[in-house]
Amino acid sequence: MTAPADLSRDKIERRPMGARLWSWRYILLRRLSQFGLLLLFFGTAHWAWQYPAKTPLLTGNLSGSEFIGLIPMADPFAAIQIFLAGHVLHEKVILGAAIVLGFYLLVGGRVFCAWACPVNMVTDLAGWLRARLPIPPMFHVSRNIRYFVLAASLILSALTGLAAFEWVSPIGMMHREIVFGVGMGAMALVAIFLFDLLILKNGWCGHLCPLGGFWSLVGRTALVRVRFDKTTCTHCGECARVCPEPQVLNLKRLEETGFVSSGECSNCGRCSPLCPEGSLTFDLRPLIRKHGAEEDR
């Protein structure tokens with residue numbers, strides 16, 4: 001019997017090459033974004049990329065960095081852990097965390113997960129293989145576990161005096177492995193890949209990652225949303241079959257709000273190109289009701 005995910009994949013693969021590439025446009029753009037960000041770090045560290053002259057282009061890592069010597073950026077979740085661990089935050093760290101937090105408050109917190117986090121490439125590969133291999137799910141667990149891991153990370157930071165998640169973060173490990181070639185990144189990534197492939201579908205990103213949980217809370221205010229057109233939707237379910245967070249596509253809730261309101265949506269763009277009726281499209285939150293009213297006329 002053919003699995004629902006196979007049906008969605010087959011529809012894409014039967015399209016002409018040009019239409020197929022267009023269907024995967026957001027995936028291609030996400031890979032360009034993820035590789036591009038890593039390339040900026042790598043090029044600055046190994047090839048001395050500078051802009052302007054004598055100013056490193058992008059230094060640091062995904063927890064704390066500086067762009068063109070002027071714009072500090074810091075992971076707010078890391079900053080909170082460091083603060084709870086009893087350390088005094090430097091003014092530049094506070095400013096950098098505020099800049100990053102402000103950006104993701106506008107565009108959507110979990111956009112980081114789909115468009116910037118390098119581990120997403122590993123988990124996407126595991127999901128791609130899982131859809132093509134006869135691997136049954138071993139068990140199902142609540143996706144809310146990530147919020148318990150989030151809380152545990154903060155509590156442990158306060159109790160131990162260390163930024164708990166930063167010490168074991170596979171995101172930081174992968175970044176260091178790629179950019180600097182040191183650390184235990186490869187082993188951590190293999191473990192996540194096998195966990196997602198053999199044990200739990202979307203296991204790390206969809207269930208366990210506390211950083212994803214943090215950005216889910218931030219993402220509730222996002223301006224960039226997936227708009228839903230209830231007048232064209234036929235409830236075929238294609239969107240939910242490809243979505244890594246299918247719980248955000250609750251049709252009853254979508255009909256009430258007119259858009260995907262959950263902060264757990266990463267704006268990955270999988271659903272929109274696959275929808276046969278075009279019922280799901282990216283839009284700005286303030287314009288969604290206006291566009292919905294125009295369509296109802």
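The sections below set out a description of the structure shown in this document. Remember, it's a predicted structure, so these values are computed and weren't measured experimentally.

Definitions and cut-offs
- Residues numbered from 1 in each chain as written.
- Predicted model: local features only at pLDDT ≥ 70, side-chain atom pairs only at ≥ 80, totals over all residues.
- Heavy atoms only, no water.
- Axes fitted to C-alpha atoms, helices over the stretch in contact; angles between N-to-C directions.
- Helix = DSSP H or I, 4+ residues; strand = E, 2+ residues; numbered from the N terminus.
- Parallel < 35°, antiparallel > 145°, perpendicular 65-115°, else oblique.
- Left-handed = near helix turned anticlockwise from the far one by under 90°.
- Contact = heavy atoms within 4.5 Å.
- Nonpolar A, V, L, I, M, F, W, Y, C, P; charged D, E, K, R; others polar.
- Salt bridge = Lys/Arg side-chain N within 4 Å of Asp/Glu carboxyl O.
- Buried < 20%, exposed > 50% of the residue type's maximum accessible area, 1.4 Å probe, protein only.
- Polar contact = N/O pair within 3.5 Å; in protein donor to acceptor, adjacent residues only side chain to side chain.
- Pairing = 2+ DSSP bridges.
- Expected span 1.5 Å × (residues − 1).
- Patch = residues over 30% accessible without salt bridge, like charges linked within 9 Å, V, L, I, M, F, W, Y side chains within 5 Å.
- Areas by Shrake-Rupley, 256 points an atom, 1.4 Å probe, with all protein chains shown as cover.
- Core = buried A, V, L, I, M, F, W, Y, C linked by side-chain atoms within 4.5 Å.

Moving on, we get to the packing of helix α10 (residues 170–179) against helix α11 (residues 185–199). The contact between α10 and α11 brings their axes to 8 Å, and the two run at 130°. As far as their axial angle goes, α11 and α10 are oblique. Of the two possible hands of crossing, α10 and α11 adopt the one that is left-handed. Within the contact between the two elements, α10 uses Pro 170, Met 173, Met 174 and Glu 177 and α11 uses Gly 185, Ala 186, Ala 188, Leu 189 and Ile 192. Of the residues that constitute the contact of α10 with α11, the class distribution is seven nonpolar, one polar and one charged.

Moving on, we come to the pattern of salt bridges. Per the stated rule, a full pass over the model turns up 11 salt bridges. We note a salt bridge from Glu 245 to Arg 143, for which the minimum N-O separation is 3.1 Å. With Glu 245 in the loop between α14 (238–242) and α15 (251–257) and Arg 143 in the loop between α7 (119–132) and α8 (145–160), this pair connects stretches of sequence that are 102 residues apart. The residues Glu 245 and Arg 143 share a single accessibility class, namely buried. In this structure, the salt-bridge partner of Glu 238 is Arg 241, at a minimum N-O distance of 2.9 Å. Of this pair, Glu 238 and Arg 241 both sit in helix α14, three residues apart, which is roughly one turn of that helix. Look at Glu 238 and you get buried, because its relative accessible area is 4%. A single salt-bridge network, built from bridges that share partners, covers Arg 110, Arg 143, Arg 146, Glu 245 and Glu 264.

Of note, Gln 81 is situated in helix α4 (residues 76–84). Judged by relative accessible area, which is 0%, Gln 81 ranks as buried. Polar contacts involving the side chain of Gln 81 include one to the main-chain amide nitrogen of Phe 165, which spans 2.8 Å. Those residues within four positions of Gln 81 in sequence are excluded, and the remaining contacts are Leu 154, Ser 157, Ala 163, Ala 164, Phe 165 and Glu 166.

Further remarks concern the sheet that holds strand β2 (residues 64–67). Spatial strand order, β1-β2-β3: three strands in an open sheet with antiparallel pairing. For this open sheet the edge positions go to β1 (58–60) and β3 (71–74), each flanked by a neighbour on one side alone. Between one strand axis and the next, the sheet turns through 20° on average, direction left out of account. Relative to β3, β2 runs antiparallel, the two being bridged by four bridges. Looking at the pairing, Gly 64 lines up with Ala 74 of β3.

What follows deals with α8. Taking 1.5 Å per residue, 16 residues should reach 22 Å; α8 reaches 22 Å between its end C-alpha atoms and fits that length. Packing partners of the buried residues in α8 comprise α4, α9 (164–168), α12 (203–208) and α13 (210–218). At the C-terminal side of α8, Gly 161 shows a positive phi close to 80°.

Moving on: the pairing of strand β4 (residues 224–228). With four of five residues buried, β4 lies mostly within the body of the structure. Sheet analysis places β4 next to strand β5 (residues 280–284), joined by five bridges and oriented antiparallel. Among the inter-strand pairings, Arg 225 is bridged to a residue of β5, identified as Asp 283.

There is a patch of nonpolar side chains on the surface, built from Met 17, Leu 21, Trp 24 and Leu 28 and spanning about 390 Å² of accessible area. Assignment of secondary structure puts Met 17 in helix α2 (residues 17–23).

So, about the nonpolar core. Ranked by size, the top nonpolar core spans 28 residues in total, and within it Tyr 104, Phe 112, Val 119, Trp 204, Leu 211, Phe 214 and Trp 215 carry the most contacts. Counting residues per element, the ones that place at least two in this core are α5 (91–107), α6 (111–115), α7, α8, α10, α11, α12 and α13. Beyond its immediate chain neighbours, meaning those up to four positions away, Tyr 104 contacts Gly 109, Val 111, Phe 112, Ala 116, Trp 215 and Val 218. Within the second largest apolar cluster, 11 residues are counted, among which are Cys 239, Cys 243, Val 248 and Leu 254.

These figures come from the coordinates and say nothing about function on their own.
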